[in-house]
Amino acid sequence: MARYGMVMDVTSCLGCRACMAACSQWNQTPFWAEDFKGKWRTRVTELEEGKFPETHKVFFPTICMHCENPPCHSVCPTGATYINKDGIVLIDYDLCLGCGYCIEACPYDARYEYEKEDLEKDEFYFGEDARHHQVHVDKCTFCVDRLAEGIEPSCAATCVGHARIFGDLDDPNSEVAKLVNSGKAKPLSPYLGVHPKVYYIK
Amino acid sequence: MDLVQQTLWGWNIAIYLFLGGLGGATVALAILGELRFNMGKWFGIIVSILGMAILAFGLIFLIIDLINPFRFLLAFWIKGIGHSWIARGMIVITGVFIFGPLYALATFFDWPRFKKWMGYIAMFCGFGVTTYTGLLLNANVGIPFWHTPALPVLFTVSAFSTGCALIMLILAAMKSEEAHHFFHFIEGFDIFLISLELLLIFAYFDFARLGNAAVMKSAHLLLNNPLFTIGFVILGLVSPLILEAYASTKEHSKGLAAFASVLVLIGGFLLRYLIVWAGVFQYPHGIAG
Ligand code: SF4
Ligand code: SF4
């Protein structure tokens with residue numbers, strides 16, 4: 001049993017979006033969708049910080065925060081959204097009704113609909129290896145399938161700037177635990193009370 | 001903070017919330033009329049079945065809003081009963097469809113004790129449906145305008161007000177002494193409900209005035225939308241309140257009250273639609289992109 005979490009070091013993100021590419025390939029998420037902001041398990045947005053003329057660009061990576069008190073889980077009627085023994089918030093596709101309640105409930109915009117058109121595209125691009133066979137709501141899984149084989153989530157593994165640090169928050173010697181325990185990395189909107197397990201160094 | 005107006009839920013959900021509330025309240029009020037106001041067995045049977053039909057019709061809109069409507073039956077896989085308002089809603093809706101027909105059957109065959117029990121349970125389930133439509137939106141923590149305890153109260157009051165409106169429309173066409181008596185009771189009840197609704201709307205905006213950015217944005221969207229100010233507040237609340245209050249002082253004014261009922265029904269739908277439309281997410285800066 002672990003308590004997996006991630007630290008996003010915004011100061012070292014280059015904005016190359018290799019993570020988005022790696023994730024969408026590994027998890028076969030709808031990179032073909034028209035809306036570039038829409039259907040990704042992880043996104044890197046571009047922000048402008050500071051006041052003119054002293055402005056600079058910041059790249060801001062986001063994913064599902066794998067909240068410890070996740071509202072997406074509390075609203076799910078069928079139990080499709082569940083929390084596994086390692087604290088990862090997952091969706092059982094066979095049980096997902098597609099009501100979208102969880103999409104509305106998530107305060108971090110982490111979920112999207114994997115629709116019929118997406119299934120067709122998935123099959124078109126991946127053929128026999130297609131991993132999505134029914135419509136469902138989709139989001140980041142911390143790549144549970146990779147974790148089971150002892151490898152890191154694909155976004156963290158591919159990150160050029162070491163901006164994504166993945167590990168077990170319960171293991172005091174892990175890099176994530178050190179960053180979080182020292183107070184250097186902080187969660188987003190802590191006042192919501194959902195206790196995200198993704199932390200940010202800004 | 002990034003403020004983003006939600007777009008996932010639209011007309012279908014609003015129609016569902018409206019018809020669900022209306023249907024639930026109609027079932028409860030129909031049984032009340034029969035059990036407590038001597039409205040006779042046919043009133044109880046027909047109007048409660050009408051309420052169930054409205055609820056069933058509303059469910060169709062919920063189903064077509066699913067990404068795959070054929071998976072609807074999974075909604076009965078209520079594993080989320082401990083925490084999800086859709087799952088709990090399915091229970092009370094199922095309750096209406098079990099105890100409502102049992103009540104109608106018992107009324108038809110005149111089994112007084114059984115009828116009473118089934119009637120009260122069906123009323124309770126009908127009440128549950130009106131309440132849960134508000135609690136459903138309430139659970140979305142990312143949308144502060146919905147995430148307030150006032151919303152379920154507002155929706156429940158509005159649902160009963162639309163239920164009263166429908167019952168008044170039916171009673172206006174009836175001639176009996178009992179119908180007359182029940183009509184006046186419902187009219188008075190509706191005046192009370194509309195007044196309460198006005199108070200709640202006022203409280204809502206007074207709260208929004210000092211609220212956070214997302215709440216203010218929602219309030220701003222509504223106040224700048226004539227469908228809300230003129231459509232809902234003036235035509236759907238204030239006008240029927242004045243009309244019903246006036247009608248209640250006159251002897252032969254059922255026509256006026258019936259007209260007010262139509263306004264209440266339109267207002268009830270507009271309220272659901274606009275509250276859903278005005279849901280604004282408050283994302284931490286950087287999330288919405
Ligand atoms: S970030 Fe959203 S989807 Fe992820 S666990 Fe939290 S509430 Fe659920
Ligand atoms: S869309 Fe699926 S995962 Fe989300 S709340 Fe509905 S059933 Fe649960």
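Keep in mind that what you see is a predicted model, and the values were worked out from it rather than measured.

Caption draft 1: Representation of the sheet that holds strand 1 (residues 4–9) of chain A. Residues and elements named next belong to chain A. What the three strands build is an open sheet, ordered 8-1-9; its pairing is mixed. Bordering the open sheet on either side are strand 8 (164–168) and strand 9 (198–201), each of which pairs with just one other strand. Strand-to-strand twist of the sheet, defined as the mean angle between neighbouring strand axes without regard to direction, takes the value 20°. One ladder, built from five bridges, connects strand 1 with strand 8; its direction is antiparallel. Each residue of the ladder has a partner; that of M6, found in strand 8, is F166.

Caption draft 2: A look at the site of ligand 2. Around ligand 2, 14 residues are found, and the nearest of them are C76, T81, C96, C99 and C102 of chain A. Residues of the shell around ligand 2, tallied by class, amount to nine nonpolar, four polar and one charged.

Caption draft 3: Seen up close, a nonpolar patch on the surface. Residue and element names in this part refer to chain B. On the surface, a nonpolar cluster with roughly 720 Å² of combined accessible area is contributed by W42, I46, L105, F108, F109, W111 and F114. Those elements that place two or more of their residues in the nonpolar patch are helix 2 (41–64) and helix 3 (85–108). Checked against the element boundaries, I46 lands in helix 2. Residue classification places I46 among the exposed residues on the basis of a relative accessible area of 52%.

Caption draft 4: Broad picture of unusual backbone geometry. Residue P53 of chain A is bonded to the preceding F52 of chain A through a cis peptide linkage, with omega at 5°. Considering the arrangement of structural elements, one finds P53 of chain A in the loop between strand 2 (43–49) and strand 3 (56–62). One non-glycine residue with positive phi stands out, namely S189 of chain A, at about 40°. Its place among the elements puts S189 of chain A in the loop between helix 7 (175–181) and strand 9. On the accessibility criterion, S189 of chain A (8% relative accessible area) is buried. Positive phi values are uncommon outside glycine, yet D110 of chain B reaches one of about 55°.

Reading the values: the criteria
Residues numbered from 1 in each chain as written. Chains lettered and ligands numbered in written order. Predicted model: local features only at pLDDT ≥ 70, side-chain atom pairs only at ≥ 80, totals over all residues. Heavy atoms only, no water. Pairing = 2+ DSSP bridges. Helix = DSSP H or I, 4+ residues; strand = E, 2+ residues; numbered from the N terminus. Axes fitted to C-alpha atoms, helices over the stretch in contact; angles between N-to-C directions. Near = heavy atom within 4 Å. Nonpolar A, V, L, I, M, F, W, Y, C, P; charged D, E, K, R; others polar. Patch = residues over 30% accessible without salt bridge, like charges linked within 9 Å, V, L, I, M, F, W, Y side chains within 5 Å. Areas by Shrake-Rupley, 256 points an atom, 1.4 Å probe, with all protein chains shown as cover. Salt bridge = Lys/Arg side-chain N within 4 Å of Asp/Glu carboxyl O. Buried < 20%, exposed > 50% of the residue type's maximum accessible area, 1.4 Å probe, protein only.

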